[in-house]
Every structure is written in C-alpha cells, then in structure tokens.
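What follows is each chain in one-letter form.
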Amino acid sequence: MAVYFFEEPEHAARYQKYRPSTPSQLQEGLASHFDKVVGIDLSEAQIEEARKMDGPDNVSYRQGVAEEMKFEDGSVDLVTVGAAAHWFDMEKFMKELARILKPHGCVALYCYEVPHLLGYDHCSDHPTQIVQDLFTILKPYETEVNSIVWNEYKEVFDAITFPDKERAEDIYVKLKKSISWFIRYLNSSVLYQSYQKEDPENAKASLEKVEQRLLNALGVSSETVVEFSMKYFCVLASKPE
Ligand SMILES: C[S@@+](CC[C@H](N)C(=O)[O-])C[C@H]1O[C@@H](n2cnc3c(N)ncnc32)[C@H](O)[C@@H]1O
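Caption draft 1: Representation of the packing of helix α5 (residues 127–138) against helix α10 (residues 200–218). The N-to-C vectors of α5 and α10 enclose an angle of 170 degrees; their axes lie 9 Å apart at closest approach. Taken together, α5 and α10 sit at an angle that is classed as roughly antiparallel. Listed contacts from α10 to P127, I130, D133, L134 and I137 of α5 are S206, L207, V210, R213, L214, A217 and L218. Tallied by class, the residues present in the contact of α5 with α10 amount to nine nonpolar, one polar and two charged.

Caption draft 2: Structural detail: helix α4 (residues 90–100). What α4 keeps buried is the set M90, F93, M94, E96, L97 and I100. Projected down its long axis, α4 carries its buried residues within an arc of 165 degrees, all on one side. Facing away from the buried surface of α4 by more than 90 degrees, the exposed residues are E91, K92 and K95.

Caption draft 3: Summary view of the side chain of K231. Relative to the helices and strands, K231 resides in strand β7 (residues 225–238). At a separation of 2.9 Å, a polar atom in the side chain of K231 contacts the side chain of E152. Here D170 takes part through its side chain, which lies 3.3 Å from a polar atom of the side chain of K231. Once you skip the residues sitting within four places of it in the chain, K231 turns out to touch C111, Y112, E113, E152, D170, I171 and Y172.

About the thresholds
Residues numbered from 1 in each chain as written. Predicted model: local features only at pLDDT ≥ 70, side-chain atom pairs only at ≥ 80, totals over all residues. Heavy atoms only, no water. Axes fitted to C-alpha atoms, helices over the stretch in contact; angles between N-to-C directions. Helix = DSSP H or I, 4+ residues; strand = E, 2+ residues; numbered from the N terminus. Parallel < 35°, antiparallel > 145°, perpendicular 65-115°, else oblique. Contact = heavy atoms within 4.5 Å. Nonpolar A, V, L, I, M, F, W, Y, C, P; charged D, E, K, R; others polar. Buried < 20%, exposed > 50% of the residue type's maximum accessible area, 1.4 Å probe, protein only. Arc of directions from axis to C-beta. Polar contact = N/O pair within 3.5 Å; in protein donor to acceptor, adjacent residues only side chain to side chain.

Structure follows, in structure tokens:
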C-alpha cells in the first residue's frame, strides 16, 4: 500500500522539506495553548524527521497508529490530523476518539490541495493545465485514498459519528516559493513516487517537462520566487457530553 512510502527515510525527509509540515504546526500552533502535545505517526522515519526539529519542551513524538493512540480514557482535549485521515480505518479511529477525548473534546482533520500558481492566468499554456497534464499521466497510480482527498474529505466527514460536526472549507494560504520548490513538492507526492518506482525514466522526463513548460509559460527561471495559493479543507467535530 502506498502509505508505506512514508516508512522510507528518504521519502520522509523529502516530505518534511517540501510539504507544509505538521511538526511545525504542532510546535508553532499548538504548543503554547496546551500543557502537552504529542505527535504520532505510524512511520518511524516520519517521527525521526519530526524529532530533528528544535521545538518546545512540551512537544514530543512517538511512533503509533491513529486507531490505537494509547492515551488514557477521557484524557485528551484535542486531536488534530494533518493530511493523514484518508489512510485511517475511520470506524476504529472513531471508537478510539470516543474513548480518549474528554467530553466536548474536539477533533480537526485537515488536508490540502496541490498549490495553485497565482498571477499567471493570462498564460496561453496555462499553469493549471500543465499540472493537470501531469496528474493525467499519474491517473493509473490513483487509489481510493486519492479520491477521498479529491472529494475534500466528504467520506471522512460522513464517517464521523459525533453529531456535532462541521466542515471548514475554502481556507487559502498564500506561499511565496520558487518553481524548483514546486517541482520538488510534486516529486514528493505518493502518486508521483509510485510512478517513479515503476518507471523511473519516464517519471523523470514527465517532471522535467512540467518544469520546462512552466518556465516557458511564465518566462521565469527555476529559482524565481512566485506566489502560490494552497487550499486547505478541514473536518471538525466535538465529542458529546
Ligand atoms: C501525507 S503524510 C502527512 C504527514 C504529516 N501529518 C504532515 O501533515 O506533514 C501521511 C502520514 O500519515 C501516516 N499514517 C497513515 N496511516 C496512519 C495511521 N493509521 N496511523 C498513524 N499514522 C498514519 C503516514 O505514515 C504518513 O506519515
């Protein structure tokens, strides 16, 4: 299963470098609001990457699975899940949430879409089309997990058994990054990694073509910093009394 890519140290390192990272979100976003923050991932390689970051003393990391988080009954205020709920066994995860959350404890499951280049809508070779052409090549490697993300977590929302639940959509974060960063972002996707594993030469050529088409269309160099918008979507729920 593609999730095992995350157990490869190289992939975990690439991920940490080129993706909006949960460890930094835990450290910068949550650590000052809670006594204790614990980051869990089933991949030891991902945990190792997270541990390399300097962080506040109340943040720790451990290998584990979302369906069995090993906290005491009714002891947790908030569970956040970054770009991972699409891999979970939602039935088991819900049972675990019902067990570990305090009454009115919350869960936030979020994910994001491929960054969208801003300010180049006038290009005749449109950036969105260039990226779309790559995803058409990657179509044979898509799994059910991808469709959960493409559907912006509809299935995740439906699987939440707490009655108090809602979706937060259309959260846009702007990023200033180079085209070469964007190419490495695309490279770090599990879909692309599956293609690369099966057909390294054509995978490399496809990504080089995306880069070349983008540079030609935008009239910039690989290291030119441009603006991207990244769309996040989030499912929020709260445990009943
Ligand atoms: C796309 S990465 C996101 C990593 C990190 N949360 C972030 O936002 O950068 C998906 C992660 O989910 C982890 N994962 C998948 N299924 C899991 C499960 N059942 N329990 C815990 N982690 C899981 C994988 O090992 C992988 O590191």
